[in-house]
Amino acid sequence: METPRTDLTLFAERIEQLRQQISQVIVGQQENIDLLLTAVLANGHVLLEGVPGVAKTLLARLLSKLIDAKFSRVQFTPDLMPSDVLGTNVFNMKTSDFDFHAGPVFADIVLVDEVNRAPAKTQAALFEVMEERQVTIDGMTHPMGQFYTILATQNPVEQEGTYKLPEAQTDRFMMKITMGYPTIEEEVTILERHHQNARLTSLDDVQHVITKDELLQLRQMLSDVFVDPAMLRYIAAIVQQTRQSKAVFLGASPRASVAMLQASKAYALLQGRDFITPDDVRQVAPSILHHRLILTAEAEMEGITPLKAATRLIEKVEVPK
């Protein structure tokens, strides 16, 4: 048997510890947890969508606790101003100068709760920091750390008092992960934990299993993952399909292609491999594509959702041998 080109022992241990700790608090959602870990490893931001009560916020808080990173939470509301998120310069009477007071966006992991509750002006405040990992206020640039991740949540059902995210912003999220309801067995487990007073949602006892620096080292392993040229063409062909489909008004950009490549490499590492397969691409592609697609009016009238359209388009592309 051929020996792996990259030593994945440390990686496998850390990831397994993360999975075990998450499963002690979160019941089910295994596929979504893997996708979230994939996005974090691939240095991408994540949009978590789901109805209230399916543990979106809990999952984001739990992940930050396990990584031993500086965590910040912003609750987006209709009256929130950009300065409430980014920070502001305040005049110091003693020094007769302006001091910068950093906003909650200055952290390693930032949880933006109900991102579609804030108006466009406040949503736009995240544009620069999501893409360039820096904030410019009054002409001064304030850089973020290497490990900078935004986890945003939104409720897809309630539309009153919400502001739809512009396409330019949703494109900056590497993945959109849809969290659904638990199965009946999973819900019984949740009820059993509550009945036994297992403190299901308490994070006080959770200890970090990986440091920020260790995670940055794991990220560097992405460059060692082997990618066959046929896989690059496969990714490009999938993205090309979104631009040619009659059901899609606006297809995915090259940013989606790069995100798919990085996520596929991270997902392969999560599976204990140092090379990507078509299955890795197919696993991450729907979460990377469906929030980037704008469907035609005809497709929407037929009841086709962006996720369904993305899945169909992926299936149309011939899988490389």
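Model, not experiment: these values are computed from the prediction.

Scoring rules and cut-offs
- Residues numbered from 1 in each chain as written.
- Predicted model: local features only at pLDDT ≥ 70, side-chain atom pairs only at ≥ 80, totals over all residues.
- Heavy atoms only, no water.
- Salt bridge = Lys/Arg side-chain N within 4 Å of Asp/Glu carboxyl O.
- Helix = DSSP H or I, 4+ residues; strand = E, 2+ residues; numbered from the N terminus.
- Buried < 20%, exposed > 50% of the residue type's maximum accessible area, 1.4 Å probe, protein only.
- Pairing = 2+ DSSP bridges.
- Axes fitted to C-alpha atoms, helices over the stretch in contact; angles between N-to-C directions.
- Contact = heavy atoms within 4.5 Å.
- Core = buried A, V, L, I, M, F, W, Y, C linked by side-chain atoms within 4.5 Å.
- Expected span 1.5 Å × (residues − 1).
- Arc of directions from axis to C-beta.

The next point concerns the pattern of salt bridges. Counted by the stated rule, this structure contains nine salt bridges. As a salt-bridge pair, Asp171 and Arg292 come within 2.6 Å of each other at their nearest N and O atoms. On the criterion of sequence distance, the pair formed by Asp171 in the loop between helix 7 (167–170) and strand 9 (175–178) and Arg292 in the loop between helix 12 (278–289) and strand 11 (294–295) is long-range, its members being 121 residues apart. In this structure Arg292 comes out as buried when scored by relative accessible area, which is 7%. For Asp280, the salt bridge is made with Arg273, and the minimal N-O distance between the two is 2.8 Å. When salt bridges with common partners are traced through the structure, they connect Glu131, Asp171, Arg255 and Arg292 into a single cluster.

Within the open sheet, the five strands sit side by side as 2-5-8-1-9. Their pairing is parallel. Looking at the sheet topology across the chains shown, the edges are occupied by strand 2 (71–75) and strand 9. The average undirected angle you get between the axes of adjacent strands in this sheet is 20 degrees.

Further remarks concern the side chain of Asn116. Positionally, Asn116 belongs in the loop between strand 5 (109–113) and helix 5 (120–124). Since its relative accessible area comes to 6%, Asn116 is described here as buried. Those residues within four positions of Asn116 in sequence are excluded, and the remaining contacts are Gln123, Gln154, Asn155, Thr162 and Tyr163.

The subject of this paragraph is the pairing of strand 6 (residues 134–137). Only one face of strand 6 is buried: it carries Val135 and Ile137, and the other face, with Gln134 and Thr136, is open. When strand 6 meets strand 7 (residues 140–143), the two strands line up antiparallel, connected through four bridges. Within strand 7, the residue paired with Ile137 across the bridge is Met140. Linking two consecutive strands that pair antiparallel, namely strand 6 and strand 7, is a turn of two residues; a positive phi of about 50 degrees is found at Asp138 within it.

Among the nonpolar cores identified, the biggest contains 76 residues, and Ile67, Met175 and Met260 are the most heavily contacted of them. Element by element, the count of residues in this core is highest for helix 11 (residues 254–270), at nine residues. Membership of the second largest hydrophobic core comes to 25 residues, among which are Val105, Val115, Met130 and Ala152.

Our focus in this paragraph is helix 10 (residues 229–244). In this model, helix 10 (16 residues) spans 23 Å end to end at C-alpha, consistent with the 22 Å of a helix rising 1.5 Å per residue. What helix 10 keeps buried is the set Met231, Tyr234, Ile235, Ile238, Val239, Gln241 and Thr242. Relative to the axis of helix 10, the buried residues are bounded by an arc of 145 degrees and lie together on one face. Facing away from the buried side of helix 10 by over 90 degrees, the exposed positions are Pro229, Arg233 and Gln244. On the buried face of helix 10, the contacting elements are strand 10 (248–250), helix 11, helix 12 and helix 14 (306–316).

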